[in-house]
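Spelled out, the chains give:
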Amino acid sequence: QVQLVESGGGLVQPGGSLRLSCAASGSIFTIYTMAWYRQAPGKQQELVASITNTGTTNYADSVKGRFTISRDNAKNTIYLQMNSLKPADTAVYYCNAEVTQARGLVPYDYWGQGTQVTISS
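Residues numbered from 1 in each chain as written. Predicted model: local features only at pLDDT ≥ 70, side-chain atom pairs only at ≥ 80, totals over all residues. Heavy atoms only, no water.

Turning our attention to the pairing of strand β4 (residues 30–39). Across eight bridges, the pairing between β4 and strand β9 (residues 91–100) is antiparallel. By the bridge assignment, R38 is partnered in β9 with Y93. (Pairing = 2+ DSSP bridges. Helix = DSSP H or I, 4+ residues; strand = E, 2+ residues; numbered from the N terminus.)

With 31 residues, the main nonpolar core has W36, L80, M82 and Y93 as its most contacted residues. If you list the elements that add at least two residues to this core, you get β1 (2–7), β3 (18–26), β4, β5 (46–51), β7 (67–72), β8 (77–82), β9 and β11 (115–119). Not counting residues up to four positions away in its chain, the partners in contact with Y93 are E6, L20, W36, Y37, R38, V48, F67, L80, M82, G114, T115 and V117. (Core = buried A, V, L, I, M, F, W, Y, C linked by side-chain atoms within 4.5 Å. Buried < 20%, exposed > 50% of the residue type's maximum accessible area, 1.4 Å probe, protein only. Contact = heavy atoms within 4.5 Å.)

Before going further, it helps to examine the state of the cysteines. Disulfides are covalent bonds that connect the sulfur atoms of two cysteines. Enumeration according to the criterion identifies one disulfide in this entry. Here C22 connects covalently by a disulfide to C95, the sulfurs 2.0 Å from one another. Taking the torsion about the sulfur-sulfur bond, which here is approximately -80°, the covalent link between C22 and C95 counts as left-handed. Note that C22 is positioned in strand β3 and C95 in strand β9, a separation of 73 residues in sequence. Assessed through its relative accessible area of 0%, C22 is described here as buried. (Disulfide = S-S within 2.5 Å.)

Attention now goes to the pairing of β3. Pairing of β1 with β3 involves six bridges; the strand directions are antiparallel. By the bridge assignment, L4 is partnered in β3 with A24. Pairing geometry for β3 and β8, over six bridges, is antiparallel. Opposite R19, over in β8, you have Q81 as the bridge partner.

For the coordinates displayed, the defined rule picks out two aromatic pairs. With a centroid separation of 4.9 Å and an interplanar angle of 65°, the aromatic rings of Y108 and Y110 are classed as edge-to-face. Relative accessible area serves as the criterion here: at 52%, Y108 is assigned to the exposed category. Relative accessible area serves as the criterion here: at 10%, Y110 is assigned to the buried category. Taking the ring centre of Y79 as reference, the NZ or CZ of R19 above it sits at 4.1 Å. (Phe/Tyr/Trp six-rings, centres within 6.5 Å; stacked < 30°, edge-to-face > 60°. Lys NZ or Arg CZ within 6 Å of the ring centre and 35° of its normal.)

So, on to the environment of Q39. By the secondary structure assignment, Q39 is in strand β4. Counting along the chain gives 40 residues from Q39 to Y79, while the straight-line C-alpha distance between them is 18 Å. Not counting chain neighbours up to four residues away, the residues in contact with Q39 comprise Q44, Q45, A91, V92 and Y94. A distance of 3.1 Å separates the side chain of Q39 from the backbone oxygen of K43, its partner in a polar contact. (Polar contact = N/O pair within 3.5 Å; in protein donor to acceptor, adjacent residues only side chain to side chain.)

Written out as structure tokens, the structure is:
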């Protein structure tokens, strides 16, 4: 099994910053793309940012220039540095990872439990 554990959420004022972390552990052979998704109340889940195992990144238009995703392959961990936060960024943020547990297997999607980010004055 594979576990993803997120941390770093909380309550901050508009304009503030937060850093989320997601650590993968368990029976891991290869982790391909890792990503952050978010879901606000009453809205669909959306991709915030993703990063491949070779470092290629992708961002939602709404966070470009404000959020930065990074990855430490040695620690099986990704980070999301969030700056200039807005009330519209309020959501539960979920970590996602495409993982194979042995050579030749098809990657499987794993999800973290989510961490709440609230932007409010």
